[in-house]
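What the coordinates show
Now for the letters of each chain:
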Amino acid sequence: MPRATVTQCAVLVGGLGTRLGSLTAHTPKPMLPCGDRPFLGWLLREFVRFGVTDFLLLTGHLSAVVEQAAATIQSMLPCGATVSLSEEPIRAGTGGAVYHARDRLDRRFLLCNGDSLFDGNLARLLADSVADGDDVTGRMMLRRLDDASRYGVVALEGDRVTDFLERPPPNTAGTINAGVYLFNRRLIDALSPACSLEAEVMPRLARAGALRGTVSEGYFRDIGVPEDFDRSQTQIPTVLRRRALFLDRDGVINIDHGYVGSRDRFDWVDGAREAIVHATRAGWHVFIVTNQSGVARGKYQEPAVGDLLDWIGDEVRVMGGTVDDVRYCPFHPDASVPAYRALSDWRKPAPGMLLDLIRAWELDPARCLMIGDQDTDLRAAAAAGVPARLFGGGNLLDVVRPLIEA
Ligand SMILES: [Mg+2]
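1. Examining the environment of Ser344
Looking at the element boundaries, Ser344 is found in the loop between strand 16 (325-329) and helix 10 (352-360). Separated by 13 residues in the primary sequence, Ser344 and Phe331 have C-alpha atoms spaced 6.4 Å apart. When residues no more than four places from it in sequence are discounted, the contact partners of Ser344 are Cys329, Phe331 and Ala350. Among the polar contacts listed, one links the side chain of Ser344 to the backbone nitrogen of Trp346, at a separation of 2.9 Å.

2. Some thoughts on the domain arrangement of the protein
When its domains are assigned, the protein resolves into domain 1 (8-240) and domain 2 (244-405). Taking only C-alpha atoms, the centre of domain 1 and the centre of domain 2 are 32 Å apart. Counting from both sides, the interface comprises 15 residues of domain 1 and, opposite them, 17 residues of domain 2. Here domain 1 and domain 2 share an interface that buries about 1200 Å² over both sides, 49% of which is from carbon and sulfur atoms. On the domain 1 side of the contact with domain 2, Arg45, Arg49 and Pro78 bury the most area, a combined 43% of that side's loss. Remark: the boundary between domain 1 and domain 2 carries 3 salt bridges. With its nearest N and O atoms 3.3 Å apart, the salt bridge here joins Arg45 to Glu362. Where domain 1 touches domain 2, the interface holds 8 residue pairs in polar contact (both at pLDDT 80 or more).

Conventions and cut-offs
- Residues numbered from 1 in each chain as written.
- Predicted model: local features only at pLDDT ≥ 70, side-chain atom pairs only at ≥ 80, totals over all residues.
- Heavy atoms only, no water.
- Helix = DSSP H or I, 4+ residues; strand = E, 2+ residues; numbered from the N terminus.
- Contact = heavy atoms within 4.5 Å.
- Polar contact = N/O pair within 3.5 Å; in protein donor to acceptor, adjacent residues only side chain to side chain.
- Domains from an automatic or database assignment.
- Buried area = accessible area lost by both parts, 1.4 Å probe.
- Salt bridge = Lys/Arg side-chain N within 4 Å of Asp/Glu carboxyl O.

Structure (structure tokens):
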């Protein structure tokens, strides 16, 4: 069972969107176009970076429009995830929408607003939640603002959210709700068929000592406000087309003992997790691209490769970073296992794994960086148009930090 990773995310998409006038007469806010896709497509694309594979859209107003577009949005995601709907039977409010989906929610689930996007470090929220005890029902992302007078603010004692307060006077700094939450199922006991999470349920949880907060900085856009919606058209695609760090696995992330196929033979390279956390915090994607001819040679089987990569991702999230996506190549021309005997254009020094990630994540290769410990890594990167550095051992953070900061 993963320690930090949460695979389900419920998304509140049932709002009326009255502030946007005629724009939302026939289209729910999260479905409005933003650049070349619905806003919701950008939002879900961010969550899959952190290990979410199951989206539950909590619909109400214009649910049929969301239903019609769900398959398209799912197909536009850069990695495999399912998108399904739970429609509220009455106008239930944000808490009621969760209540009516209660039978479909996991033991732990993320929840977010469908009409705002916060480019904070979600992995920090996941990492902080690892230490939360049974007295904690939820944890929310918070934003620190120099002038919080447009918003209600939260009161904090350490990371404990103790209360929700009215808007402060102009030019008063404050900490505000960023609209992204991690809950466990105990939340459902605090809900009724029609209620507001923000106005009723969360203030009650806060006063009961059951709510925590993770403060993060980052780009925030609420498309429910007309001028923000206009600005989001160019800003969101620009902000979310990130730079990317490609990492080879054996010899870069873990010590290359030869055909490492299980955790008991996996030893982290010094600074490897810290380097990934650093890249995540800097707003970069992190991808692993690894030749795994151990499968072709019968040293271990393909599911073991996936399990180990999932575990690596979770261990990194425990520390507040993420591995956005992975590619591995199980083939080898001299394989002892016939099913894997092939000359694959994914096997480095061929660039197939990098090219596939560049396509799926819409990357500009010139704004990426590959780090590998073999000449074959550098050749694969060069063939994909990605600048590369050879890692000769030592501490990976010492190598990655200056490159990211440059
Ligand atoms: Mg290597």
